[in-house]
Amino acid sequence: MEYLYRSLKQLRYIPDFNYHPRCNKMEIVHICFGDDLIMCCRADVISVKLMMKQFNHFSKVSGLKANLEKSSLYVAGVNSRLKNQILEEMQFSEGEIPFRYLGVPLSSKKITVQQCLPLVERMTARIRCWSTKYLAYSGRVQLIKGVLFEMQTYWAQTGNHESSRGALVAWETLCKPYSAGGLNFIEFHTWNKAALSKLLWAVAVKKDSLWIKWIHTFYIKGKDIQQMTTLARACWIVRKILDAKKRYLNKDLNAALQDCCITGKFRIKKAYQAFLPQNQKLKWRGLVLGSKTIPKHKFILWLALMRRLAIVDRIQKWGVNVQTDCVLCSTGDEETLQHLFFQCSYSAYIWNSILQWLGEKRKISNWEEETEWISRKTRNSRPRAQILLFLYAATVYHLWSERNIRRFQDKKREGRQILKEIVIQLHTRGQQFSKWRRVLESLNSYPK
């Protein structure tokens, strides 16, 4: 396309060629994006002929020709006779403004929700496809973090268009960092502000780009960006970019923007982190931050730590009538978080057996004290600490799974069966970490 650029640049030396009125200052004749090309000039026959002459010359030299079925002419401000002459000269069909690109209309005005529907429909079609696999909440987290960055708000809150389940945790909490009890999802309002700051930085440093030169030529005109007033006649995206400076009212704009740069390049992530509020770090953050536990185990542990498991005493607050008795021990005690972990005789037996198997001689206590003890014991990165954390998360997960099986499927598993499953998962997982092997060699039997 470099040859096309040089060919069209020759038009500046032809007196009879007239630029498009909005492109005259910058002498713009064409814009390329991928394999798409926009050419523009004033709507007169001579200018059109000269422009097409240069393009046809490029086609002969390169062998690249315009697809007439996919090419259109957009013309305005001329009478029908002149328009027909231009159409005959170019042999393109007449298009309508605003024209569409990737299904979305290109316009200087802000795009409406209705105009964005083609993109929304493509995104929701993907979500429907993935949601048919009935991913668990932990599976959704993995998919969001690895694949669905641009769709995560919609996906994590609903997951399925027909789903009637509400969110287990508020979206504001999910967007908090791990250390504050969240899942470190991107909060898009803040991320958008950080992205606008990058565009503002590009304008401020006058990067060598066509759109930046356009803004400086038509809107800024040599003024101080920090002091100038945003023009009401500017298109909406330009107003948004220039209004982003309001976040730096009490700071030097250039210095504040440079603080978000690494090796001379603006980093949206760094600006995003600077915009986020400072959250208090939780004592148990190490239990879910960078642990080597199985993802679904870690997710259920996180829900338990956040007190967001759908336990009976919590369900009753929603106005739902359910059996209140604990289904694990069948002693008639009410199912609460404290009872389930580890005042229930069934859960106490499993966790106590795990501790004895590890050689930890201590009397188990309530949920808060056990969590505090585990947090202290697993602060370091030693293999034994990692294994202890793995077993704690696995115990919480399997107790919660057994509770659901008994409550909704009317099936039961013995405690020894669950202990066996936990140990097998530990040894299977341990094959991935060479540092665990020495500790696992001493744990080569099942808990008693």
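Residues numbered from 1 in each chain as written. Predicted model: local features only at pLDDT ≥ 70, side-chain atom pairs only at ≥ 80, totals over all residues. Heavy atoms only, no water.

> How should helix 13 (residues 295–305) be read in this particular structure?
Counting along an α-helix, one turn takes 3.6 residues, and residues three or four places apart therefore face a common direction. Among the eleven residues that make up helix 13, eight are buried, leaving the element largely enclosed by the rest of the structure. Among the residues of helix 13, those classed as buried are His297, Phe299, Ile300, Leu301, Trp302, Leu303, Ala304 and Leu305. The positive-phi residue at the C-terminal boundary of helix 13 is Arg307, with phi of around 60°. (Buried < 20%, exposed > 50% of the residue type's maximum accessible area, 1.4 Å probe, protein only. Helix = DSSP H or I, 4+ residues; strand = E, 2+ residues; numbered from the N terminus.)

> In this structure, what is going on with the packing of helix 8 (residues 188–204) against helix 12 (residues 268–275)? I would like to understand it.
The angle between the axes and the distance between the axes are what describe a pair of packed helices. Interhelical geometry of helix 8 versus helix 12 gives an angle of 130° and a closest axis separation of 8 Å. Comparing their axes, helix 12 and helix 8 come out oblique. Crossing of helix 8 over helix 12 shows right-handed handedness. On helix 12, the residues touching Thr190, Trp191, Lys193, Ala194, Ala195, Ser197 and Lys198 of helix 8 are Ile268, Lys269, Ala271, Tyr272 and Phe275. A per-class count over the contact of helix 8 with helix 12 returns seven nonpolar, two polar and three charged. (Axes fitted to C-alpha atoms, helices over the stretch in contact; angles between N-to-C directions. Parallel < 35°, antiparallel > 145°, perpendicular 65-115°, else oblique. Left-handed = near helix turned anticlockwise from the far one by under 90°. Contact = heavy atoms within 4.5 Å. Nonpolar A, V, L, I, M, F, W, Y, C, P; charged D, E, K, R; others polar.)

> I would appreciate a short explanation of the packing of aromatic side chains in the present structure.
Two numbers describe a pair of aromatic rings. These are the distance of the centres and the angle of the planes. Summed over the entire model, instances satisfying the criterion amount to 18 aromatic pairs. Where Phe342 meets Trp367, the ring centres are 6.4 Å apart and the plane angle is 40°; that geometry is what we call tilted. One end of the pair, Phe342, is in helix 15 (residues 337–343); the other, Trp367, is in helix 17 (residues 367–377), with 25 residues separating them in the sequence. For the pair formed by Phe342 and Trp367, the shared burial category is buried. Taken together, the ring pairs in this structure connect Phe341, Phe342, Trp351, Trp367 and Tyr392 into an aromatic cluster. A cation over an aromatic ring shows up here: Arg362 above the ring of Trp373, its NZ or CZ 4.1 Å from the ring centre. (Phe/Tyr/Trp six-rings, centres within 6.5 Å; stacked < 30°, edge-to-face > 60°. Lys NZ or Arg CZ within 6 Å of the ring centre and 35° of its normal.)

> I'm lost on the packing of helix 18 (residues 383–409) against helix 19 (residues 415–430) in this one. Help?
Running from amino to carboxyl end, helix 18 crosses helix 19 at an angle of 140°, the nearest separation of the two axes being 10 Å. Accordingly, the angle class assigned to the pair helix 18 and helix 19 is oblique. The element helix 18 and its partner helix 19 pack so that their crossing is right-handed. Within the contact between the two elements, helix 18 uses Ile387, Phe390, Leu391, Ala394, Thr395, His398 and Glu402 and helix 19 uses Ile418, Glu421, Ile422, Gln425, Leu426 and Arg429. Residue classes in the contact of helix 18 with helix 19 are distributed as seven nonpolar, three polar and three charged.

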